[in-house]
Amino acid sequence: GQIHPEQRSLAEHLASAGYRTAGIYSNGLLDQEKGFARGMEHFQVFKPRTPEAKGKPWTADQVTDLGLAWLEGITGEPFFLALHYSDPHFPYAPLEGLAFEPYDDPQRREAFRAALPPEHRDEFTTGSYRLLERHSAAYDSEILQTDRHVARVLEWLEREQLADRTLVVLTADHGEGLGQRAIAPGERVHGGPIGRFYLSHGTQLYDEQVRVPLVFVGPQVPAGVRVPAHVSLIDVMPTVLALMHLPVPQGLHGQLLRFDQDHIQQRPVFAYCSRATTVTVEDRWRLHVPRDYRVRDHGARPELYDLAADPLELQPLPDEQRIATLEQQVASWKEVHTALEEGRGLPLS
């Protein structure tokens, strides 16, 4: 995807308000051609397939080094710095000295085995289980790796006596499948002893894919508040602009977050990927609606889950009336968001 030409990015809003702006992105897909440099005075993005790249994206230490180098050059001026880390991402290759030991737990082993269809559970061996745990441990290690280098940015703000005057937002674009469930019917089985487990992102929208951190720290943000309501990444931009005392444009799809459960409007939250669209309502009910080709070619059907009783989304419910109601909400959302369905951006003011 790319940023629609008529969309104004957060960086553009802040640049027009007098902020120095920079983006350091470790994912080569977030490049200038797709609009991710718009509003950025300084922009650096990892470019794969170059002699210096050697096929490996920048690690967290490199991203932080580049970001701090830019910050050192603008001391005393208001700034917006976007740092994008790719470390918790396949292939998991944590830096030396930052590796967790894999779990070895009978209950976890049984949970993995139970995630497979009954006809494939006998294929799950001790070796399969150990491989899954090594997989998860390496992913956790890369989270730790990123955490250590995000801490360096926070420490820099403290040293420069800017921490009390700087808004820090931490979030992610997606989570990761780590064997919580099997691949969906019709998906290609990968080779090896764990090839029937879902170990990726982008093709499913279960909770491990869409529940990501969203943390605000800084002026006007109360400490220690945790709002359990489902919100969306589209809420980040209006919230940041409001916290910076800047105008929030009309027409944005996100809502202003007020860090208080009572002030969060309980509206449906939608998610979209290559194979499905989901809607979550009342912070409880989630419906997965497969794309048409999944229905046609693989016999996929809508799946309804009660997140209160089944947070891992393992037991779909046969509530046909609720399924029909939520299907209509998804259909209405898609009708309004035709551009998204066609792979284009949405023109927002």
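Details of the structure are given in the entry above.
What comes next is a walk through the structure. (Residues numbered from 1 in each chain as written. Predicted model: local features only at pLDDT ≥ 70, side-chain atom pairs only at ≥ 80, totals over all residues. Heavy atoms only, no water.)

**A look at the packing of helix α3 (residues 106-115) against helix α4 (residues 126-159)**
Here is step 1 of the chain: Where α3 contacts α4, the two axes come as close as 10 Å, and the packing angle between them is 100 degrees. Taken together, α3 and α4 sit at an angle that is classed as roughly perpendicular. Listed contacts from α4 to Arg-108, Arg-109 and Phe-112 of α3 are Thr-126, Tyr-129, Leu-132 and Glu-133.
Here is step 2 of the chain: Its residues assigned to classes, the contact of α3 with α4 shows three nonpolar, one polar and three charged. (Axes fitted to C-alpha atoms, helices over the stretch in contact; angles between N-to-C directions. Helix = DSSP H or I, 4+ residues; strand = E, 2+ residues; numbered from the N terminus. Parallel < 35°, antiparallel > 145°, perpendicular 65-115°, else oblique. Contact = heavy atoms within 4.5 Å. Nonpolar A, V, L, I, M, F, W, Y, C, P; charged D, E, K, R; others polar.)

**Observations concerning the packing of aromatic side chains**
Here is step 1 of the chain: With the rule as written, the count across this model stands at eleven aromatic pairs.
Here is step 2 of the chain: Between Phe-112 and Tyr-129, the ring centres sit 6.2 Å apart and the planes meet at 55 degrees, which makes this aromatic pair tilted. With Phe-112 in helix α3 and Tyr-129 in helix α4, the pair connects residues that are 17 residues apart, well separated along the chain.
Here is step 3 of the chain: Between Tyr-206 and Tyr-305, the aromatic rings sit 6.0 Å apart at their centres with planes inclined by 75 degrees, giving edge-to-face as the arrangement. A residue pair is termed long-range when its members are at least 10 positions apart, and Tyr-206 in the loop between β4 (168-171) and α5 (207-210) and Tyr-305 in strand β9 (residues 303-306) qualify at 99 residues. Both residues of the pair, Tyr-206 and Tyr-305, belong to the buried class.
Here is step 4 of the chain: Chaining the aromatic ring pairs together yields one cluster made of Phe-112, Phe-124, Tyr-129 and Phe-197.
Here is step 5 of the chain: Across the ring face of Tyr-206, the terminal group of Arg-181 is positioned such that the distance to the ring centre comes to 3.9 Å.
Here is step 6 of the chain: Against the face of Trp-285 rests Arg-322, its NZ or CZ located 3.8 Å from the ring centre. (Phe/Tyr/Trp six-rings, centres within 6.5 Å; stacked < 30°, edge-to-face > 60°. Buried < 20%, exposed > 50% of the residue type's maximum accessible area, 1.4 Å probe, protein only. Lys NZ or Arg CZ within 6 Å of the ring centre and 35° of its normal.)

**Here we look at empty space enclosed by the protein**
Here is step 1 of the chain: Per the stated rule, a full pass over the model turns up one cavity of 30 Å³ or more.
Here is step 2 of the chain: Of the voids in this model, the largest cavity is the one considered here, and its volume is about 40 Å³.
Here is step 3 of the chain: Together, His-230, Gln-266, Arg-267, Val-269, Thr-280, Val-281, Glu-282 and Asp-283 line the largest cavity. (1 Å grid on protein atoms, 1.4 Å probe; cavity = no way out; pocket = protein on both sides within 12 Å on 5 of 7 lines; lining within 4 Å. Points joined across faces, edges and corners; volume = space filled by probe spheres on them.)

**Focus: the nonpolar core**
Here is step 1 of the chain: Within the largest apolar cluster, 24 residues are counted, with the highest numbers of intra-cluster contacts made by Leu-10, Leu-14, Tyr-25, Met-40, Phe-80 and Phe-216.
Here is step 2 of the chain: Only α1 (10-16), β2 (42-45), β3 (79-84) and α6 (236-243) provide two or more residues apiece to this core.
Here is step 3 of the chain: When residues in this core are grouped by element, the largest group, five residues, is from α6.
Here is step 4 of the chain: Apart from residues lying up to four places away in sequence, Met-40 is in contact with Ala-11, Thr-21, Ala-22, Gly-23, Tyr-25, Phe-80 and Ala-82.
Here is step 5 of the chain: Membership of the second largest hydrophobic core comes to 17 residues, among which are Phe-46, Val-63, Trp-70 and Val-153. (Core = buried A, V, L, I, M, F, W, Y, C linked by side-chain atoms within 4.5 Å.)

**Re the pairing of strand β8 (residues 285-290)**
Here is step 1 of the chain: Burial of β8 is extensive: six of the six residues sit out of reach of the surface.
Here is step 2 of the chain: Judged by which residues are buried, β8 turns out to be covered on both faces: Trp-285, Leu-287 and Val-289 on one side and Arg-286, His-288 and Pro-290 on the other are all buried.
Here is step 3 of the chain: Both strand β7 (residues 276-281) and β8 contribute to a ladder of six bridges, which runs antiparallel. In the sheet register, Val-281 faces β8, and the bridge partner there is Trp-285.
Here is step 4 of the chain: Counting the residues between successive antiparallel strands, the hairpin from β7 to β8 contains three residues, one of them, Glu-282, with a positive phi of roughly 55 degrees.
Here is step 5 of the chain: Two elements, β8 and β9, share four bridges in a ladder whose sense is antiparallel. What sits directly across from Trp-285, in β9, is Asp-306. (Pairing = 2+ DSSP bridges.)

**Section: the sheet that holds β9**
Strand pairing in a sheet relies on backbone hydrogen bonds, with the paired strands running either antiparallel or parallel.
Here is step 1 of the chain: A sheet is described by the order of its strands in space; here four strands give the open sequence β6-β7-β8-β9, paired in antiparallel fashion. Of all the strands in the sheet, just β6 (269-272) and β9 have a single pairing partner and so form its edges. The sheet shows a mean angle of 15 degrees between the axes of neighbouring strands, taken without regard to direction.
Here is step 2 of the chain: Here β6 pairs with β7 via four bridges, running antiparallel. By the bridge assignment for β7, Tyr-272 is matched with Thr-277.
Here is step 3 of the chain: Contacting β6, β7, β8 and β9, helix α8 (residues 320-336) runs over the sheet at an angle of about 115 degrees to β7.

**Notes on the packing of helix α2 (residues 60-72) against α4**
Here is step 1 of the chain: Direction vectors running N to C along α2 and α4 enclose 10 degrees, while the axes themselves pass 9 Å from each other. By the criterion of interaxial angle, the relationship of α2 to α4 is roughly parallel. α2 and α4 meet at a crossing whose hand is right-handed. Across the interface between the two elements, Ala-60, Asp-61, Thr-64, Asp-65, Leu-68, Leu-71 and Glu-72 from α2 touch Gln-145, Thr-146, His-149, Val-150, Arg-152, Val-153 and Trp-156 from α4. (Left-handed = near helix turned anticlockwise from the far one by under 90°.)

Interpretation note: all reported values are geometric properties and have no functional meaning in isolation.
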